[in-house]
Amino acid sequence: QNGPYSFKLTGIYPNPFNPSTEISFTLPIDGYITLNVFNLQGQEVSVVFEGYQTAGIHSYSWDASTLASGVYYIQLSDGINQSFEKAILLK
């Protein structure tokens, strides 16, 4: 990682949220990534993004209107690296 960006989730805003929130992250190199959401039982409940992404700053909106209130974990993964952040849905 020689560039200005590191592999990490950089923010979830707003958090707590209802019913949608913006998930921001940075990538040091181009590559295939997944941005998934898991409940507290470790079950995947949503795929926010899956595909090729260029290096730099990115942001996606997550609409959780079909899910129950609670704590969820956002996972950014490139198959090697992982980054997690907690998100709280309040309805």
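Only a predicted model underlies this, so the values are computations on that prediction, with no experimental measurement involved.

K.L.:
Just checking my understanding: could you explain the sheet that holds strand E5 (residues 56–63) for this structure?
P.N.:
Within a sheet, each strand pairs with its neighbour through backbone hydrogen bonds, oriented either parallel or antiparallel. Strand order in the open sheet made by the three strands is E1-E2-E5, with antiparallel pairing throughout. Sheet topology places strand E1 (8–13) and E5 at the edges, where each strand pairs with a single neighbour. The sheet shows a mean angle of 20° between the axes of neighbouring strands, direction not considered. As paired strands, strand E2 (residues 20–27) and E5 are joined by eight bridges and run antiparallel to one another. When the sheet's bridge partners are listed, Thr 26 is paired in E5 with Ile 57.

K.L.:
Can you walk me through the packing of aromatic side chains in this structure?
P.N.:
Two numbers describe a pair of aromatic rings. These are the distance of the centres and the angle of the planes. Applying the stated criterion to the full structure yields four aromatic pairs. Where Phe 25 meets Tyr 60, the ring centres are 6.1 Å apart and the plane angle is 10°; that geometry is what we call stacked. Note that Phe 25 is positioned in strand E2 and Tyr 60 in strand E5, a separation of 35 residues in sequence. Residue Phe 25 is classed as buried on the basis of its relative accessible area, which comes to 0%. The partly exposed category is assigned to Tyr 60, whose relative accessible area is 23%. Taken together, a centroid distance of 4.7 Å and an interplanar angle of 20° make the contact between Phe 49 and Tyr 60 stacked. Within this pair, whereas Phe 49 is found in strand E4 (residues 44–53), its partner Tyr 60 is found in strand E5, the two being separated by 11 residues in sequence. Taking the relative accessible area as the measure of exposure, Phe 49 reaches 17% and is therefore buried. Site record: aromatic cluster; members linked through ring pairs are Phe 17, Trp 62 and Tyr 72.

Definitions and limits used
Residues numbered from 1 in each chain as written. Predicted model: local features only at pLDDT ≥ 70, side-chain atom pairs only at ≥ 80, totals over all residues. Heavy atoms only, no water. Pairing = 2+ DSSP bridges. Helix = DSSP H or I, 4+ residues; strand = E, 2+ residues; numbered from the N terminus. Axes fitted to C-alpha atoms, helices over the stretch in contact; angles between N-to-C directions. Phe/Tyr/Trp six-rings, centres within 6.5 Å; stacked < 30°, edge-to-face > 60°. Buried < 20%, exposed > 50% of the residue type's maximum accessible area, 1.4 Å probe, protein only.

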